[in-house]
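Structural characterization, general
Here are the chains, one letter per residue:
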Amino acid sequence: MQLPSNSFKAALRAGRLQIGLWVGLANAYVTELLAGTGFDWLALDAEHGPNDPRTILTQLQAMAPYPAHGVVRTPSSDVALIKQYLDIGAQTLLVPMVESAEQAARIVAATRYPPQGIRGVGSALARASRWNQVSDYLQHCAQEICVLVQVESTAGMQALPSIATTEGVDGVFFGPADLAASMGLLGSTTDQRVQDAIAHGIKTVRSTGKAAGVLSTDLTLARKYSELGALFVAVGVDTTLLIRAAKDLRAAFHDVAVASEPSAPRRS
């Protein structure tokens, strides 16, 4: 049995733009539905979505027949959690709240077996190795693991050059919401100061030869980020899409509902 290739990592290395969708509903049926809609990658969110290794596992299994790639956002940079998500078969991890090169290096180490890293060896129990049925999994799995770190604070932005150049980091993702909050601009992701910081961040990451990524549900901004050089751009969120579509559909029948209301009884 062969080691599965990481099409997402290969695309980033080749400089091909990857358009993604954020998935937070934590349901394999929903994820499978979205996996067939043409996006290059789906972000399975275990930081803010109600996910854990079991729910992420079912979603990765549901996505397996489709070309969309699963990017798992972990709750934190905890080494034990990183090990669990890798063992269930995640090949691309997005780790939040990274603020230093030392933290980035430890995250990379958590994805590598000794002596290169500190990942615990449990491949006989791991879906990633197909329970030791993948030939030489231990020796070659690192080449298909993609490590993305999320920079979303002023401290992280200050350390960005050293974070981006950390060996083993494949890309840097910018979180506009947390970055805005860190800058004292909570809820103001479109503020020019936030946008300037992200634009500078994308340029900095690209100058190191690494991939830059970002999420924006504003399609104009999403296009701008890709034009600036971002290579993995998420352009929507499943919960937002569902709420928007439901509200729009209900609003389309507002006039019908008003017209059908019974008239007030006439007074004699």
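Right above here is the structure, for reference.
First, a word on what this report is: a plain description of the structure on this page. Bear in mind that the values here come from a model prediction, so they are computed numbers and not experimental data.

Topic: the state of the cysteines
Across all of its chains, the model carries zero disulfides by this definition. Here Cys141 is not disulfide-linked; the sulfur of Cys146 is the nearest cysteine sulfur, at 14 Å. For Cys146, a relative accessible area of 0% puts it in the buried group.

Some thoughts on the pairing of strand β4 (residues 92-95)
Across the two faces of β4 the burial is the same, with Thr92 and Leu94 and Leu93 and Val95 all buried. With three bridges joining them, strand β3 (residues 69-73) and β4 adopt parallel strand pairing. When the sheet's bridge partners are listed, Val71 is paired in β4 with Thr92. Chirality of the crossover, the property in question, places the unit of β3, helix α4 (residues 79-87) and β4 among those that are right-handed. As paired strands, β4 and strand β5 (residues 146-151) are joined by four bridges and run parallel to one another. Following the sheet pairing, Leu94 is matched in β5 by Leu148.

Thoughts on the sheet that holds strand β6 (residues 171-174)
Spatial strand order, β1-β2-β3-β4-β5-β6-β7-β8: eight strands in a closed barrel with parallel pairing. Here the average twist between neighbouring strands, direction ignored, is 25°. Of the strand pairs in this sheet, strand β2 (residues 41-45) and β3 are connected by five bridges, and their pairing is parallel. Counted as the bridge partner of Leu44 is Val72 from β3.

Observations concerning helix α10 (residues 192-207)
Under the 1.5 Å per step criterion, the end-to-end length of α10 is 22 Å for 16 residues, consistent within 8% with the ideal 22 Å. Residues Val194, Gln195, Ala197, Ile198, Gly201, Ile202, Thr204 and Val205 constitute the buried set of α10. For α10, the N-terminal cap is Asp191; the gap from its side-chain oxygen to the backbone nitrogen of Arg193 is 2.8 Å. Looking at the residues trailing α10, positive phi occurs at Gly209, about 85°.

Comments concerning the pattern of salt bridges
Taken as a whole and assessed by the stated rule, the structure comprises four salt bridges. For Glu47, the salt bridge is made with Arg73, and the minimal N-O distance between the two is 3.2 Å. Pair noted here: Glu47 is in the loop between β2 and α3 (53-63) and Arg73 is in strand β3, with a separation of 26 residues, a long-range link. Connected through shared salt-bridge partners, Asp45, Glu47 and Arg73 make up one network.

What to know about the packing of aromatic side chains
Under the criterion given, the structure shown has six aromatic pairs. Members of the aromatic cluster, joined through ring pairs, are Phe8, Trp22, Trp41, Phe173 and Phe232.

So, a nonpolar patch on the surface
A surface patch of nonpolar side chains, amounting to about 310 Å² of accessible area, comprises Leu249, Phe253 and Val256. Following the sequence through the fold, Phe253 ends up in the loop between α12 (238-251) and α13 (254-259). Phe253 gets classed as partly exposed once you look at its relative accessible area, which sits at 47%.

About the cut-offs
Residues numbered from 1 in each chain as written. Predicted model: local features only at pLDDT ≥ 70, side-chain atom pairs only at ≥ 80, totals over all residues. Heavy atoms only, no water. Disulfide = S-S within 2.5 Å. Buried < 20%, exposed > 50% of the residue type's maximum accessible area, 1.4 Å probe, protein only. Helix = DSSP H or I, 4+ residues; strand = E, 2+ residues; numbered from the N terminus. Pairing = 2+ DSSP bridges. Right-handed = clockwise from strand over helix to strand, strands pointing away. Axes fitted to C-alpha atoms, helices over the stretch in contact; angles between N-to-C directions. Expected span 1.5 Å × (residues − 1). Polar contact = N/O pair within 3.5 Å; in protein donor to acceptor, adjacent residues only side chain to side chain. Salt bridge = Lys/Arg side-chain N within 4 Å of Asp/Glu carboxyl O. Phe/Tyr/Trp six-rings, centres within 6.5 Å; stacked < 30°, edge-to-face > 60°. Patch = residues over 30% accessible without salt bridge, like charges linked within 9 Å, V, L, I, M, F, W, Y side chains within 5 Å. Areas by Shrake-Rupley, 256 points an atom, 1.4 Å probe, with all protein chains shown as cover.

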